[in-house]
Amino acid sequence: MSKLRVAVIGARGRIGSEAVKAVEAADDMELVAALGRGDKLETLAESGAQVAVELTHPDSVMANLDYCVGHGIHAVVGTTGWTDERLARLRTSLEASPGTGVLIAPNFSIGAVLTMRFAQLAAPYFESVEVIELHHPNKADAPSGTATRTAQLIAEARREAGSAPQPDATSTALDGARGADVDGVPVHSVRLRGLLAHQEVLLGGEGETLTVRHDSLHHSSFMPGILLGARRVVSTPGLTFGLEHFLDLG
Ligand SMILES: NC(=O)C1=CN([C@@H]2O[C@H](COP(=O)(O)OP(=O)(O)OC[C@H]3O[C@@H](n4cnc5c(N)ncnc54)[C@H](OP(=O)(O)O)[C@@H]3O)[C@@H](O)[C@H]2O)C=CC1
Ligand SMILES: O=C(O)C1=N[C@H](C(=O)O)C[C@H](O)C1
């Protein structure tokens with residue numbers, strides 16, 4: 001059976017360099033291109049890449065995806081910074097390339113995907129929910145893509161359940177003291193040397209709290225998700241948002 005031809009964009013970065021090793025080690029894949037900043041996107045088409053794994057920066061990802069989708073190259077995207085406007089633009093370009101698939105995964109680690117699922121499940125049963133994400137200080141964005149998505153899923157679950165707005169009687173606060181408001185859910189971002197990628201979802205009700213915590217201790221935690229994404233995206237045209245759609249979570 002022929003191997004899946006995979007390229008990595010952002011190949012010299014923290015997660016990109018790990019992805020290069022993971023693709024090289026996968027029996028069913030061939031690494032056909034590894035692009036860093038300044039390398040020509042034309043290399044992707046010339047290399048015959050079927051899938052590009054995009055792990056760069058929120059400022060770079062749209063141009064890279066425009067090229068991939070425009071050339072019918074499927075994409076597995078870990079880069080953060082997704083807004084409704086960006087997603088709409090991507091959907092429009094996918095309409096012009098109907099056979100092409102793009103997976104955007106706010107987080108490729110199974111534990112983080114499950115954290116989001118557990119938070120979504122628990123959120124309607126508690127009065128209060130807040131998210132704390134903790135990352136290394138070289139991270140480009142805050143809040144993290146995972147925390148943003150977690151908060152959105154929590155908010156959606158609470159809306160569907162008809163939950164009341166969260167109680168918060170704060171009448172004076174320093175700017176930022178209550179975190180960022182993502183869809184009504186406070187999200188707090190910590191940047192600390194020594195950390196990699198961590199998240200806690202704190203849920204509180206009368207007389208009890210529940211904490212769901214996930215820790216990525218090494219970039220290897222993201223690799224099974226990236227490889228699964230590359231295998232599945234080639235037969236999944238259009239936009240898929242979230243690795244959970246490629247997992248059988250029941
Ligand atoms: N979804 C997930 O599970 C995960 C997502 N991420 C996300 O992935 C992204 C990258 O994170 P991380 O690896 O830590 O960041 P790094 O800064 O370590 O790596 C990004 C790399 O991409 C390069 N780059 C930037 N623009 C381009 C471009 N146009 N073409 C080619 N290469 C480019 C950078 O080059 P230069 O250094 O010269 O700028 C750098 O080498 C972030 O958005 C992060 O949040 C990270 C981990 C897991
Ligand atoms: O920049 C990182 O490191 C990570 N970025 C993603 C995010 O913003 O959620 C995924 C993970 O948290 C690691």
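Residues numbered from 1 in each chain as written. Chains lettered and ligands numbered in written order. Predicted model: local features only at pLDDT ≥ 70, side-chain atom pairs only at ≥ 80, totals over all residues. Heavy atoms only, no water.

- If you check an unreviewed UniProt entry, the chain appears there as 4-hydroxy-tetrahydrodipicolinate reductase from Streptomyces anatolicus.
- Checking UniProt for the chain, the heading Pathway (unreviewed entry) contains the comment "Amino-acid biosynthesis; L-lysine biosynthesis via DAP pathway; (S)-tetrahydrodipicolinate from L-aspartate: step 4/4."
- The record in UniProt for the chain states the following under Subcellular location (unreviewed entry): "Cytoplasm". (UniProt positions renumbered as here; feature names shortened; annotations may be inferred.)

## Re the site of ligand 1
Working step 1: Inspection of the region around ligand 1 gives 21 residues, with Arg14, Ser60, Thr80, Ala105 and Phe108 positioned closest.
Working step 2: Separating an oxygen atom of ligand 1 from a backbone N or O atom of Arg14 is a distance of 2.9 Å.
Working step 3: In this structure, a nitrogen atom belonging to ligand 1 sits 3.2 Å away from a main-chain N or O atom of Pro106.
Working step 4: Bound to the protein, ligand 1 loses 77% of the 910 Å² it would expose on its own.
Working step 5: Looking at the shell around ligand 1 residue by residue, the classes come out as 7 nonpolar, 10 polar and 4 charged. (Near = heavy atom within 4 Å. Polar contact = N/O pair within 3.5 Å; in protein donor to acceptor, adjacent residues only side chain to side chain. Areas by Shrake-Rupley, 256 points an atom, 1.4 Å probe, with all protein chains shown as cover. Nonpolar A, V, L, I, M, F, W, Y, C, P; charged D, E, K, R; others polar.)

## A word on the UniProt feature "active site" (unreviewed entry) in the chain
Working step 1: According to UniProt, the "active site" (unreviewed entry) feature falls on His135 and Lys139.
Working step 2: Considering the arrangement of structural elements, one finds His135 in strand 6 (residues 128-135).
Working step 3: Given a relative accessible area of 9%, His135 falls into the buried group.
Working step 4: A distance of 2.7 Å separates the side chain of His135 from the side chain of Glu133, its partner in a polar contact.
Working step 5: As for its placement among the helices and strands, Lys139 is situated in the loop between strand 6 and helix 6 (145-161). (Helix = DSSP H or I, 4+ residues; strand = E, 2+ residues; numbered from the N terminus. Buried < 20%, exposed > 50% of the residue type's maximum accessible area, 1.4 Å probe, protein only.)

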